[in-house]
Amino acid sequence: PAYIEVAEFDPLHDEGINYGISLKNAGIPVVINDTKGTIHMSSIVLSSEQTVKNMEIMSEFIKEYVHEKN
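Quick summary incoming for the structure in this document. (Residues numbered from 1 in each chain as written. Predicted model: local features only at pLDDT ≥ 70, side-chain atom pairs only at ≥ 80, totals over all residues. Heavy atoms only, no water.)

Remarks on helix H2 (residues 49–66)
The α-helix winds at 3.6 residues per turn, so residues separated by three or four positions along the chain end up facing the same way.
Line of reasoning, step 1. If you check H2, its first and last C-alpha atoms are 25 Å apart, about what 18 residues at 1.5 Å a residue would give, namely 26 Å.
Line of reasoning, step 2. Inspection of H2 places Thr51, Asn54, Phe61 and Tyr65 among the buried residues, and these make up the whole buried set. Axial view of H2: buried residues confined to an arc of 80°, hence all on one face. Away from its buried face by more than 90 degrees, H2 exposes Glu49 and Lys63.
Line of reasoning, step 3. Tucked into the core, H2 has its buried residues touching strand E1 (2–9) and strand E2 (30–39). (Helix = DSSP H or I, 4+ residues; strand = E, 2+ residues; numbered from the N terminus. Expected span 1.5 Å × (residues − 1). Buried < 20%, exposed > 50% of the residue type's maximum accessible area, 1.4 Å probe, protein only. Arc of directions from axis to C-beta. Contact = heavy atoms within 4.5 Å.)

Here's the deal with the pairing of E2
Line of reasoning, step 1. In the sheet, E1 pairs with E2 via 7 bridges, with the strands oriented parallel. Paired with Tyr3 across the bridge in E2 is Val31.
Line of reasoning, step 2. Between the parallel pair E1 and E2, the chain is carried across by helix H1 (residues 13–25), and the sense of this crossover is right-handed. (Pairing = 2+ DSSP bridges. Right-handed = clockwise from strand over helix to strand, strands pointing away.)

Description of H1
Line of reasoning, step 1. Taking 1.5 Å of rise per residue, the 13 residues of H1 would be expected to cover 18 Å, and the 19 Å separating its terminal C-alpha atoms lies within 8% of that figure.
Line of reasoning, step 2. Every buried residue of H1 is listed here: His13, Gly16, Ile17, Gly20 and Leu23. Viewed end-on, H1 has its buried residues packed into an arc of 125°, placing them on one side of the element. With respect to the buried face of H1, the exposed residues turned more than 90 degrees away are Tyr19 and Asn25.
Line of reasoning, step 3. Buried positions along H1 lie against E1 and E2.
Line of reasoning, step 4. Immediately downstream of H1, the backbone of Gly27 shows phi near 90°, a positive value.

Next up, the structure:
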């Protein structure tokens, strides 16, 4: 499984989306978190509402895919 988070205003945004789609097409479970209104590395601002939301989405991914293997 893969968790991919991309920022709307990042030079690699489209590549991240395309990579996620390629993984999905290969049958790999993927969560693509396309964060609107963000820039590259915006998640370092821990007090940001968007960062908190991103952490929740990532936590759900970990609970679903990582914990199921243990």
